[in-house]
Each structure stands twice: as C-alpha cells, then as structure tokens.
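# Summary of the model geometry
Chain by chain, the residues run as shown.
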Amino acid sequence: MDININLSELQDFENSYNTEFASIIRPYYERIKQDCDADENVVPFIMQWGSVFKEAPIKIMFYGRATNGWAGSWNLDECFDLSNKERGYSPDNQMVWVENQWDKSEDGYVTKKSQFWKVIRQISTSIYKDKWYRYVCWSNVCKVAPIDSGNPSDSLYYRTLESNQHIFETEINYWKPHFVVLFTGGDWSNGGDWSKDFLVHMNKQTMPDLYVERIWDTDFEDRKLKVYLIDGIYYIVSLHPQGKKISPHANCIFEVINELKDAQDSLPGLRWCIEH
C-alpha cells in the first residue's frame, strides 16, 4: 500500500527504554509482585515497543490477553535494566525479535506459527510495510501469567486486576495512541472478554457506548469487532486470533482504522490504499 509520509523524517530513539516511563510504571509492578507473593511459578511481563513508536504518525497499541510462557523474573531491577540482555529483546528496538523469529528461532518459538502475530503483522505491514515492527507496540491486559504456558487462573486474574488496570491506564496515558487493538475476546476463565474490566476502568467505571460493530467472518456471526471511543482514543476489541481466519480478521481491523482515522483530528492527512 502507499502511505503519504516521509519515513526518513522519523528519528529513532537513542534510548527506547524511556527512563521516565519506567519510573512511572515500576511502582505498579512492585504492587503486582506483592499481589503474587513473588510466586516463582508466574512471571511479570512489561510492554514492548518499536524504535520509533512514540513518533509514529499512526500510533497503534496491540494488546493480547497474557503471555503463554515467558522468560521473566521477579527481580525488578533486572526487568527494568536496559543493558540486561536476559530481557530477551534488543534494547533499541524491542519489537524486532518478532520479525527475526518469523521463520526460525534458536529458542523454538517461530512467530509465523502464531496467529496472533500473523494478524498483527498483516495489519502493520499494510501501514508501514517491511519495517512495521519499528512503529507499533505490544502489551497484554494481564501483566502476570504462568511461567511455562497458559492463561492466568481466575484467582490470579482478580488478585492482580486492580494493578493491571492501573498499568493499562498508565500505558495509554503515557504513549497516547490513536488506536488500541485488544485481542481479548473469547470464552476463557471468566466466560467472556476481559477487556471490559479495562474499558470500564478507563471510562469512569461505566461501560462506554458502542461506536462501531462489524462482523469480520461471515461464516460465524459472533466473530465481530467492536469499537469504543474514550477520551479521543479508539479501542478496537476483537476475538483472540488463535484458531481463526487470518486475512478477514486483519483486513477488517485495517479497514476500520482506515475509516476512523479521518475522524481523528490529531491524525495527519494520510493517503491509504487497502490491499486485499
């Protein structure tokens, strides 16, 4: 697709792991550590972002539910240490590992096999082409999950919910995205979509009005995305991609972003061409 923007004008962060952001968000991780009693069977996750995400003209934050196995640590000094290579990603471009592990990986996790990453990659390459990973960020609504695999239990989810809500709010307020894409829907744990707990938190304890609703798989009427508008930010909520069609899902989200961008006064006038 074509996008009317000079990418060379975007400057890389010299230090993408912003110390200001770390200082704001770390106290909530200290609280989560207490919520979990530093249980060694679960680990914390800290959001990741591309090298020019903060300066991206179309700023999209992608959220999943929780990590499905993660090499984390309750040593928060290590977690928030830019020079610590054990954190598992490049300090100056935290998202590049997704592209580097697309076809093969030394640790066995090949991202091309993940439908979650396939959908994100297709949406993002439609906007930013082959360097897509420089312009997006990834987080999860649940910042703590089992170290080996699986989603948080009900008990763990609700024990950490308040801290997770505050971290979510901090991430949104700090980065000020135009779009937040939440792949959180599905019949798991509490029987519904965990994004509701976070949307209500962001909207003064009330569920926001539905702004847009669209079915993206005509074979299944429940496979739809919903858009909510809170304080000028569009929250696009959809099902988790696992076990579902990739292209219809990605195309629908991209088309909705394309339609909504002109309604966002803060977005520059970009020319987009949708590719199917």
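Shown above is the structure to which this text applies.
Quick caveat: nothing in here was measured; it's all calculated off a predicted structure.

## Brief notes about the overall build of the protein
Scanning the protein from N- to C-terminus turns up seven helices and nine strands. Of all 276 residues assigned to the protein, the portion counted as buried reaches 53%. In the protein, of all internal contacts separated by at least 6 residues, the share reaching a separation of at least 24 is 73%. Carbon together with sulfur atoms contributes 43% to the accessible area of the protein, which is approximately 12900 Å² in total.

## A look at the packing of aromatic side chains
Using the criterion set out here, one finds 24 aromatic pairs in the structure. Note on W132 and Y133: the rings are 6.0 Å apart at their centroids and 80 degrees apart in plane angle, and the pair reads as edge-to-face. In textbook terms, an aromatic cluster arises when at least three aromatic residues are bridged by ring pairs, as seen for F45, F62, W97, Y109, F116, W117, W138 and F183. Between the NZ or CZ atom of K59 and the centre of the ring of F53, over which it lies, the distance is 5.9 Å. Its guanidinium or amino end placed over the ring of F220, R223 lies 4.0 Å from that ring's centre, counting from NZ or CZ.

## So, the pattern of salt bridges
Counting across every chain of the model gives 12 salt bridges. E213 serves as the salt-bridge partner of K226, at 3.9 Å between the closest nitrogen and oxygen. Of the two residues, K226 is situated in strand β8 (residues 224–230) and E213 in strand β7 (residues 210–215); the sequence distance between them amounts to 13 residues. Judged by relative accessible area, which is 32%, K226 ranks as partly exposed. A salt bridge links E259 to R214, with the shortest nitrogen-to-oxygen separation between them at 3.0 Å. With E259 in helix α7 (residues 247–260) and R214 in strand β7, this residue pair connects regions lying 45 residues apart in the sequence. Look at R214 and you get partly exposed, because its relative accessible area is 25%. Connected via shared salt-bridge partners are D217, D219, R223 and K245.

About the cut-offs
- Residues numbered from 1 in each chain as written.
- Predicted model: local features only at pLDDT ≥ 70, side-chain atom pairs only at ≥ 80, totals over all residues.
- Heavy atoms only, no water.
- Helix = DSSP H or I, 4+ residues; strand = E, 2+ residues; numbered from the N terminus.
- Buried < 20%, exposed > 50% of the residue type's maximum accessible area, 1.4 Å probe, protein only.
- Contact = heavy atoms within 4.5 Å.
- Areas by Shrake-Rupley, 256 points an atom, 1.4 Å probe, with all protein chains shown as cover.
- Phe/Tyr/Trp six-rings, centres within 6.5 Å; stacked < 30°, edge-to-face > 60°.
- Lys NZ or Arg CZ within 6 Å of the ring centre and 35° of its normal.
- Salt bridge = Lys/Arg side-chain N within 4 Å of Asp/Glu carboxyl O.

So far we have only geometry, and geometry alone does not tell us how the molecule works.
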